[in-house]
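Residue strings, one per chain:
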Amino acid sequence: MSNASAKQKLWGGRFTGATDPLMNAFNESLSYDKRMHSQDIKGSIAYSKALFLGGIITEEERDNLIRGLEAVGEEWAKGQFKIQPDDEDIHTANERRLSELIGPLGGKLHTGRSRNDQVATDMRLWLLEEVETIRSALIDLISVIVERADKEKDALLPGYTHLQRALPIRWSHLLLSHAFSLNNDLERITQLKPRISVLPLGSGALAGNAFSLDREFLAKELGFASIAENSLFGVGDRDFIIEFMMWASLTMTHLSRLSEDLIIYTTAEFGFLTLSDAYSTGSSMMPQKKNADSLELLRGKSGRVFGNMSGFLVTLKGLPSTYNKDLQEDKEPLFDTVDTVSACLRIAEGVIATLEIHPDRMKKALTMDMLATDLADYLVRKGIPFRETHHISGRAVALAEQRGVQISDISLGDLQILSSKFEEDVKHVFDFESSVEKRASIGGTSRAMVGRQVDVLRNNLALARQA
Ligand code: ARG
């Protein structure tokens, strides 16, 4: 590259030597930060207005800057923006094009501004918009789960701990457990917003704005909730990106666990669910196969999201204060995280909306030994301490096992050998529906309590939609 070319760079003034072409390619971020083109233009339009209010440019110059910036924005929107070899990033590309369109006036735009406060502003504006989109995808996913749960309260299936059959529960109860995790994610992403919505613009390169520009005006103009009160923090802080990626990691953990449940339940061995064709794929070799690829990808993609978060944490750790070029490494992991989590939320919504349930298969998986706890509870209600009733019920389970019968097949006479408190009404214990209905405290699996969970989530969703 020639000397002349080095001089053409926006920062070329002090340089006499040319940049190694490899270094140019290594240094550039335009190939990915161009997705912030509209935020960059928006920030510059607000900055032009602040320059006028601060007496740095005339009204006419402001209007010409704004018109020029809008024209550059149009070119991006129409896919007509022509990237030049020396365009290093979205900020230099937009400024270069602006000056081509409106002449030397373009060179006034950057007065008192640095790419350091500019990039931090663009990133925050960009992420705030994405957070809104992600929030509504999350709201839609939770709604789909809640509405399904409301309709499918009749279906009972084994509830598992340690993946061993434990107690009968309602299918809706299980679905809602995932909705509650996601509901926490909804609460958390909403809480991130005020910490993202902090204006860095006007921090300059690091020490503050030398032209006394009105940062309160800038914040208002760009819709920021508050202003970075310390300019060194303004240009150097990327915690909002880490926080978002932590949020995404936890949300992906929830999608992954939900997927794992569904993957298990769609196997022939369980057969509780059938994934719709729309979210399954076949095998290139085994014609009979229908694979739960959508769910496996939801589970698998959590790994890259965690990786994005931990990778960028490592980048941040040990950086000296304020801006260092290392910070350019914030973009790819953030963009990938936003894209991944957005896609996953939409796919999860589609999977849940189209899933087919098989209540008979669920019911068939219920076995009478799963009511051993209810048998112990029966004796508790007759006044025996639970520790003893647990033991008695355990002996009934052992007896059934030994005889190769169901626990409900043991005669009253035989039960009475284990405890004299067993009476005729013990037969009512051996009913899955009544077992489930006994869990009628808040949070339980009874119909009413599952209905309450539906109500709680519906209320939360209605509030979240307004926020
Ligand atoms: N492309 C850069 C980034 O993404 C913009 C800021 C550059 N600032 C600088 N002093 N070189 O971080």
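See the structure printed just above.
In this report, the structure presented in the accompanying data block is examined. (Residues numbered from 1 in each chain as written. Predicted model: local features only at pLDDT ≥ 70, side-chain atom pairs only at ≥ 80, totals over all residues. Heavy atoms only, no water.)

Moving on, we come to the overall build of the chain. Looking only at helices and strands, one finds 19 helices and eight strands in the chain. Against the 2.2 N^0.38 benchmark of 23 Å for 467 residues, the chain shows a C-alpha radius of gyration of 31 Å, more extended than a compact globule. Over its C-alpha atoms, taken along the principal directions, the chain stretches across nearly 100 × 50 × 40 Å. Taking the contacts inside the chain whose residues are at least 6 apart along the sequence as the reference set, 74% of them involve residues at least 24 apart. Looking at the chain as shown, the accessible area adds up to about 22,200 Å², and 54% of this sits on carbon and sulfur atoms. (Helix = DSSP H or I, 4+ residues; strand = E, 2+ residues; numbered from the N terminus. Rg over C-alpha atoms; globule rule 2.2 N^0.38 Å. Contact = heavy atoms within 4.5 Å. Areas by Shrake-Rupley, 256 points an atom, 1.4 Å probe, with all protein chains shown as cover.)

Another point: the site of the ligand. The full set of residues close to the ligand is Ser29, Asp89, His91, Arg115, Asn116, Val119, Tyr323, Gln328 and Lys331. Between the ligand and Asn116, the relevant distance is 3.0 Å, taken from a nitrogen atom to a side-chain nitrogen or oxygen of the residue. Side-chain polar atom of Tyr323 to an oxygen atom of the ligand: 2.4 Å apart, as the coordinates give it. In the complex, 86% of the free accessible area of the ligand, which totals 340 Å², lies under the protein chains. Considered class by class, the residues forming the shell around the ligand number two nonpolar, four polar and three charged. (Near = heavy atom within 4 Å. Polar contact = N/O pair within 3.5 Å; in protein donor to acceptor, adjacent residues only side chain to side chain. Nonpolar A, V, L, I, M, F, W, Y, C, P; charged D, E, K, R; others polar.)

Attention shifts here to the packing of aromatic side chains. Considering all chains together, one arrives at nine aromatic pairs under this definition. Both rings, one in Tyr160 and one in Tyr265, keep their centres 6.2 Å apart while their planes meet at 35°; by these two values the pair is tilted. Here Tyr160, found in strand S1 (residues 156–161), pairs with Tyr265, found in helix H11 (residues 239–266); they are 105 residues apart in sequence, far enough to count as distant. A residue is classified by how much of its surface remains accessible, and Tyr160, at 21% relative accessible area, is partly exposed. Classification of Tyr265 as buried rests on a relative accessible area of 5%. Counting every residue linked through ring pairs, the aromatic cluster contains Tyr160, Tyr265, Phe270 and Phe272. A cation over an aromatic ring shows up here: Arg35 above the ring of Phe335, its NZ or CZ 4.9 Å from the ring centre. If you follow Arg62 out to its NZ or CZ, it ends over the ring of Phe52, 4.6 Å from the centre. (Phe/Tyr/Trp six-rings, centres within 6.5 Å; stacked < 30°, edge-to-face > 60°. Buried < 20%, exposed > 50% of the residue type's maximum accessible area, 1.4 Å probe, protein only. Lys NZ or Arg CZ within 6 Å of the ring centre and 35° of its normal.)

Moving on, we come to helix H12 (residues 293–316). Between the first and last C-alpha of H12 there are 35 Å, a value that for 24 residues agrees with the 34 Å anticipated at 1.5 Å per step. Within the sequence span of H12, burial applies to Ser294, Leu295, Leu298, Ser302, Val305, Asn308, Met309, Phe312 and Leu316. In this fold, the buried residues of H12 make contact with H11 and helix H13 (331–354). Downstream of H12 by a residue or two, Gly318 has a phi angle that is positive, lying close to 90°. (Expected span 1.5 Å × (residues − 1).)

By the bridge criterion, six bridges tie S1 to strand S2 (residues 164–170) in an arrangement that is antiparallel. Bridged to Leu157 within S2 is Ile169. Where S1 hands over to S2, the hairpin turn is made up of two residues, of which His162 adopts a positive phi near 55°. (Pairing = 2+ DSSP bridges.)

Right, let's get into the layout of surface pockets. Of the voids in this model, the largest pocket is the one considered here, and its volume is about 310 Å³. Every residue lining the largest pocket is listed: Ile169, His173, Leu174, Ser177, His178, Ser181, His254, Arg257, Glu260 and Asp261. Mapped onto the lining of the largest pocket, the elements with two or more residues apiece are helix H8 (171–196) and H11. Counting residues per element, the lining of the largest pocket draws most heavily on H8, which supplies five residues. Here the residues of the lining of the largest pocket sort into two nonpolar, five polar and three charged. Roughly 260 Å³ of internal volume is contained in the second largest pocket. (1 Å grid on protein atoms, 1.4 Å probe; cavity = no way out; pocket = protein on both sides within 12 Å on 5 of 7 lines; lining within 4 Å. Points joined across faces, edges and corners; volume = space filled by probe spheres on them.)

On to unusual backbone geometry, then. Phi is positive for His162, close to 55°, though the residue is something other than glycine. Not every positive phi belongs to a glycine, and Ser212 is a case in point at roughly 50°. Taking relative accessible area as the criterion, Ser212 reaches 66% and is therefore assigned exposed.

Next up on the list: the packing of H12 against H13. For the pair H12 and H13, interaxial distance at closest approach is 10 Å and the crossing angle is 160°. Our classification of the angle between H12 and H13 gives roughly antiparallel. Our pair here, H12 against H13, has a crossing hand that is left-handed. Touching Ser294, Leu295, Leu298, Lys301, Arg304, Val305, Asn308 and Phe312 of H12 are Pro333, Asp336, Thr337, Thr340, Cys344, Ile347, Ala348 and Val351, all from H13. Considered class by class, the residues forming the contact of H12 with H13 number nine nonpolar, four polar and three charged. (Axes fitted to C-alpha atoms, helices over the stretch in contact; angles between N-to-C directions. Parallel < 35°, antiparallel > 145°, perpendicular 65-115°, else oblique. Left-handed = near helix turned anticlockwise from the far one by under 90°.)

Moving on: the side chain of Ser48. By secondary structure assignment, the location of Ser48 is in helix H4 (residues 37–53). A residue is classified by how much of its surface remains accessible, and Ser48, at 0% relative accessible area, is buried. The contact partners of Ser48, leaving out residues within four places of it in the chain, are Ile57, Arg62, Leu65, Ile66, Leu69 and Leu109.

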